Amino acid sequence: MKKFWLLPVIAVVLMACGEQKQTAELSQSERLNQWFAERYEEELLFSPTTLTMLGRKDLYDQIDDLSEQAEAEQLEWKRRTVATMEREFDYDALTPEARNSFDIWKYQYEQAARGQPYRNHGYIFEQMGGLQSDLPNFLLNFHRVDNEQDLEAYIRRIGAVANAIDQALVRARAAAEQGIRPPRFAFDGAIDQSQKLLLGLPFEAEAAVDAPLWAGAKSKVDALRDSGAIDEAQAQAYREKAKAALLGSFQPSYSALIQWLETDRENAPEMAQGAGSLPEGEAYYNYRLGLQTTTTLSADEVHQIGLREVARLRAEIEAIKTELGFAGSLQDFFAFVRTDPQFYFADNDAGRQGYIDGATAYIDFIKGKLPEYFGLLPKADLIVKRVEAFREQDGAPQHYYSGTPDGSRPGIYYAHLSDMSAMPKNQMEVIAYHEGLPGHHMQISIAQELENIPMFRTQARFTAYVEGWALYSEILAGEMGAYEDPYSRVGQLSSEIWRAIRLVVDTGLHSKGWSEDQAVQYFLANSPEPRESVVAEVRRYLVWPGQATSYKIGMMKILELREAAKKTLGDKFDIRAYHDTVLGGGAMPLSLLERRVQGWVDSVR
């Protein structure tokens, strides 16, 4: 009797001990989260542009310090924070979510430190996302002017952009001295974009149109005047200040950049070469593969995965070809989809608006389906927009810019519409899902809006996770009822095989000595993509080594984890809960995503 009487007493004591232990764990984890909040605020001060992208107006008249010295100082700061974190916090006493934060903070530092030997290998000025176009685009689209102080900050930022370009040019010169140059086409793209920024008033006195930044400055001044915040006399004074900044700082900086690009272009190889041709090129590419995929996969392993996936997806497209009753070969079918007029909008303003309207309609369709597949839903709005003229390129891929965490600025799905023959209708649907919902806009908006994790994690951008989710979303959209038209299904498979081709082509270019033409021919042989898009794609891979491999590797991991969870949980598997688990912690390396999903599976089981 006494022994049985003791059992509830022991149970109470054990429960009390468990509660004390849990309280201690939460205390340790909460202290770490507060530490992360303080450290991330320090880190944000290194990047005024990031603060602006977050919708904040701290350091609103500044641009990031792009010097090599600043990069070294920031890396040393991060090293010290990791050392402090490991010294002051007991990892074993943290909650699982806090351990994820600990591991991600450390992982980010370790990847940055691994990249230091290759700090000059990345191409600063190139045709895709070079600073020469990114910084003006930032000024035009992301610096919000609500009052006079914002306008004054905008004008000072014009000079800050010029200074940043000067700093970047110093680093590009240093890289060139080491034999690190992008291909000639990258020079041509950077030159073209830079020159377009100087076309028109006030740079050309006799011009009939305004240059992009001058038009932007005048628009911001006029909007403030129209709101009643300033009068016309003040508006005119601000226009003069903006013009002085453009002529006194921006024009000299970009003129010097153009002059150097035109001169150094002749030193670039006539035939484009991959990263393997650079000094320490093999090691650099291996670093890039690890960085982009967050795995330890070798170039050969990635290449073989790509070959297998291309073969599998070709067979699926072949099956649809047969279903449609198309009599020719797969190559004939690719040519048909690539060239038949029915698959394209007119190459005029009406056609361009048709593309934007069509993409918007597909996004609206999927928006109505989201509650069936997700518990977490984004609050931020999404708009579809044509790329600005100064940075628009024929056949270049569409892309996404995130909104602000508070929803004051919507996410933007950008489309290059200068050449409608490079924008097939049958791929419009799948791309809308990738860039918008349930793809990039969904994932990034939810991450930014999360409140149960440290802020630095809401802004993390691990490419394999981010792009893997977007590619997974293309398949998920089909499960949600999309792609009713068989040619849209071909478009979805074309998009997936495109990402499988990337595994083959990216490793081919940078690890196996493939030429640009060899890569283009492989792409055309296995995809109905228009030739203009294929050339733009291959040139993207050449200037962004490894980045293109992240999509398929990330998608395959998300699918693999889903299938493993379904197998383990059976009837207890809930697709909404799975998606919330994947999205509810923000972007992370694939190994940590696997750990997170396994934790959810264990909790359900």
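In what follows, the structure referred to is the one given above.
Small disclaimer: the values here were computed from a predicted structure and weren't measured.

Peer 1: Sorry, what's going on with the overall build of the protein here?
Peer 2: Regarding its fold elements, the protein presents 23 helices and 3 strands. Along the first, second and third principal axes, the C-alpha set of the protein runs to 105 × 65 × 50 Å. Going through the 605 residues of the protein one by one, you find that 54% of them count as buried. A fraction of 77% describes how many contacts in the protein between residues 6 or more apart in sequence connect residues 24 or more apart. Total accessible area on the protein stands at roughly 25,200 Å², and carbon and sulfur atoms take up 52% of it. Within the protein, one finds 64 positive and 88 negative side-chain charges whose respective centroids are separated by 5 Å.

Peer 1: Which parts of the structure should I look at to understand the pattern of salt bridges?
Peer 2: Side chains carrying opposite charge are able to pair once their charged atoms draw close together. Tallied over the full model, the rule gives 49 salt bridges. In this structure, glutamate 86 and lysine 106 form a salt bridge, with 2.7 Å as the shortest nitrogen-oxygen distance. With glutamate 86 in helix 3 (residues 68-88) and lysine 106 in helix 4 (residues 96-114), this pair connects stretches of sequence that are 20 residues apart. For glutamate 86, a relative accessible area of 39% translates into the label partly exposed. For glutamate 266, the salt bridge is made with arginine 265, and the minimal N-O distance between the two is 3.1 Å. Salt bridges here are not isolated pairs; linked through shared partners, they connect Glu309, Arg312, Glu316, Arg489, Glu496 and Lys552.

Peer 1: What exactly am I supposed to notice about the packing of aromatic side chains here?
Peer 2: Each aromatic ring pair is described using two quantities: the centre-to-centre distance and the angle formed by the ring planes. Within the structure shown, the criterion is met by 32 aromatic pairs. Seen in terms of ring centroids, phenylalanine 573 and tryptophan 600 are 6.1 Å apart; in terms of plane orientation they differ by 75 degrees. Their pairing is edge-to-face. Of this pair, phenylalanine 573 sits in the loop between helix 21 (550-569) and helix 22 (575-583) while tryptophan 600 sits in helix 23 (residues 590-604); the two residues are 27 residues apart in sequence, bridging distant segments of the chain. On the basis of an interplanar angle of 55 degrees and a centroid distance of 6.1 Å, the ring pair of tyrosine 578 and tryptophan 600 is categorised as tilted. Placement of tyrosine 578 in helix 22 and of tryptophan 600 in helix 23 is noted, with a sequence separation of 22 residues between them. Since its relative accessible area comes to 0%, tyrosine 578 is described here as buried. Residue tryptophan 600 is classed as buried on the basis of its relative accessible area of 12%. An aromatic cluster is defined as three or more aromatic residues linked by ring pairs; in this entry it consists of Trp35, Phe36, Phe46, Trp77, Phe89, Trp105 and Phe456.

Peer 1: How should the layout of surface pockets be read in this particular structure?
Peer 2: Any empty space left between atoms is shown by rolling a water-sized probe over those atoms. Taken as a whole, the largest pocket encloses approximately 300 Å³ of empty space. Gln127, Gln393, Asp394, Ala536 and Arg539 are the residues nearest the centre of the largest pocket, which is lined by 17 residues in total. Secondary structure elements with two or more residues in the lining of the largest pocket: helix 7 (184-197) and helix 20 (531-543). Per-element tally for the lining of the largest pocket: the top contributor is helix 7, with 6 residues. A breakdown of the residues in the lining of the largest pocket according to their chemical character gives 6 nonpolar, 4 polar and 7 charged.

Peer 1: Would you take a moment to explain the side chain of arginine 171 for this structure?
Peer 2: As for its position among the elements, arginine 171 is in helix 6 (residues 148-177). Polar side-chain contacts of arginine 171 include one of 2.7 Å to the side chain of glutamate 71. Setting aside residues no more than four positions away along its own chain, arginine 171 makes contact with Leu66, Ser67, Glu68, Glu71, Arg119, Asn120 and Ile124.

Peer 1: What is the right way to read helix 14 (residues 425-435) from this model?
Peer 2: Residues three or four positions apart in an α-helix share a direction because the helix packs 3.6 residues into each turn. Most of helix 14 is tucked away: 10 of the 11 residues are buried. Turning to helix 14, its buried residues are Asn426, Gln427, Met428, Glu429, Val430, Ile431, Ala432, Tyr433, His434 and Glu435.

Peer 1: Explain the packing of helix 22 against helix 23 to me, please; I cannot follow it from the model alone.
Peer 2: The angle between the axes and the distance between the axes are what describe a pair of packed helices. Packing of helix 22 against helix 23 leaves a shortest axis separation of 9 Å and a crossing angle of 140 degrees. When the axes of helix 22 and helix 23 are compared, the pair comes out oblique. Note that helix 22 runs across helix 23; the crossing there is right-handed. Residues Ala577, Tyr578, Thr581 and Val582 of helix 22 form the contact with helix 23, whose participating residues are Leu593, Arg596, Val597 and Trp600. Partitioned by chemical class, the residues of the contact of helix 22 with helix 23 number 6 nonpolar, 1 polar and 1 charged.

Peer 1: Just checking my understanding: could you explain the nonpolar core for this structure?
Peer 2: Generally speaking, a soluble globular protein has its nonpolar side chains buried in company with each other. One finds Leu32, Tyr355, Tyr413, Tyr578 and Leu593 to be the most contacted residues of the largest nonpolar core, which totals 83 residues. Ranked by the residues each element gives to this core, the list is headed by helix 17 (residues 463-479), at 8 residues. Residues Phe203, Ala242, Leu257 and Leu261 belong to the second largest nonpolar core, which totals 50 residues.

Peer 1: How should the environment of isoleucine 383 be read in this particular structure?
Peer 2: Inspection of the secondary structure puts isoleucine 383 in strand 1 (residues 382-386). Judged by its relative accessible area of 33%, isoleucine 383 is partly exposed. Expressed as a C-alpha distance, the spacing of isoleucine 383 and isoleucine 412, which sit 29 residues apart in the sequence, is 5.1 Å. The residues contacting isoleucine 383, other than those within four sequence positions of it, are Pro410, Gly411, Ile412 and Tyr413.

Peer 1: Would you take a moment to explain helix 12 (residues 330-339) for this structure?
Peer 2: Leu330, Phe333, Phe334, Val337 and Arg338 are the residues of helix 12 that are buried. For helix 12, the angular spread of the buried residues around the axis is 135 degrees, confining them to a single face.

Peer 1: Looking at this model, I keep getting lost on the packing of helix 17 against helix 18 (residues 486-511). Mind explaining?
Peer 2: Closest axis-to-axis distance for the helix 17/helix 18 pair is 10 Å, and the angle between their directions is 155 degrees. Taken as axis vectors, helix 17 and helix 18 run roughly antiparallel relative to one another. Between helix 17 and helix 18 lies a crossing whose hand is left-handed. On helix 18, the residues that touch Leu471, Glu474 and Ile475 of helix 17 are Gln492, Ser495, Glu496 and Arg499. Of the residues that constitute the contact of helix 17 with helix 18, the class distribution is 2 nonpolar, 2 polar and 3 charged.

Peer 1: Just checking my understanding: could you explain the pairing of strand 3 (residues 411-415) for this structure?
Peer 2: Remember that side chains alternate between the two faces of the sheet whenever the strand is regular. Across the 5 residues that make up strand 3, a large majority, 5, are buried. The alternating pattern of strand 3 places Gly411, Tyr413 and Ala415 and Ile412 and Tyr414 on opposite faces, both of which are buried. Judged from the 5 bridges that link them, strand 1 and strand 3 form a sheet pairing that is parallel. Paired with isoleucine 383 across the strands is isoleucine 412, a residue of strand 3. Pairing geometry for strand 2 (residues 399-401) and strand 3, over 3 bridges, is antiparallel. The residue bridging tyrosine 401 from the neighbouring strand is isoleucine 412, located in strand 3.

Calculation notes
Residues numbered from 1 in each chain as written. Predicted model: local features only at pLDDT ≥ 70, side-chain atom pairs only at ≥ 80, totals over all residues. Heavy atoms only, no water. Helix = DSSP H or I, 4+ residues; strand = E, 2+ residues; numbered from the N terminus. Buried < 20%, exposed > 50% of the residue type's maximum accessible area, 1.4 Å probe, protein only. Contact = heavy atoms within 4.5 Å. Areas by Shrake-Rupley, 256 points an atom, 1.4 Å probe, with all protein chains shown as cover. Lys, Arg positive; Asp, Glu negative; His and termini not counted. Charge placed at Lys NZ, Arg CZ, Asp CG, Glu CD. Salt bridge = Lys/Arg side-chain N within 4 Å of Asp/Glu carboxyl O. Phe/Tyr/Trp six-rings, centres within 6.5 Å; stacked < 30°, edge-to-face > 60°. 1 Å grid on protein atoms, 1.4 Å probe; cavity = no way out; pocket = protein on both sides within 12 Å on 5 of 7 lines; lining within 4 Å. Points joined across faces, edges and corners; volume = space filled by probe spheres on them. Nonpolar A, V, L, I, M, F, W, Y, C, P; charged D, E, K, R; others polar. Polar contact = N/O pair within 3.5 Å; in protein donor to acceptor, adjacent residues only side chain to side chain. Axes fitted to C-alpha atoms, helices over the stretch in contact; angles between N-to-C directions. Parallel < 35°, antiparallel > 145°, perpendicular 65-115°, else oblique. Left-handed = near helix turned anticlockwise from the far one by under 90°. Core = buried A, V, L, I, M, F, W, Y, C linked by side-chain atoms within 4.5 Å. Arc of directions from axis to C-beta. Pairing = 2+ DSSP bridges.

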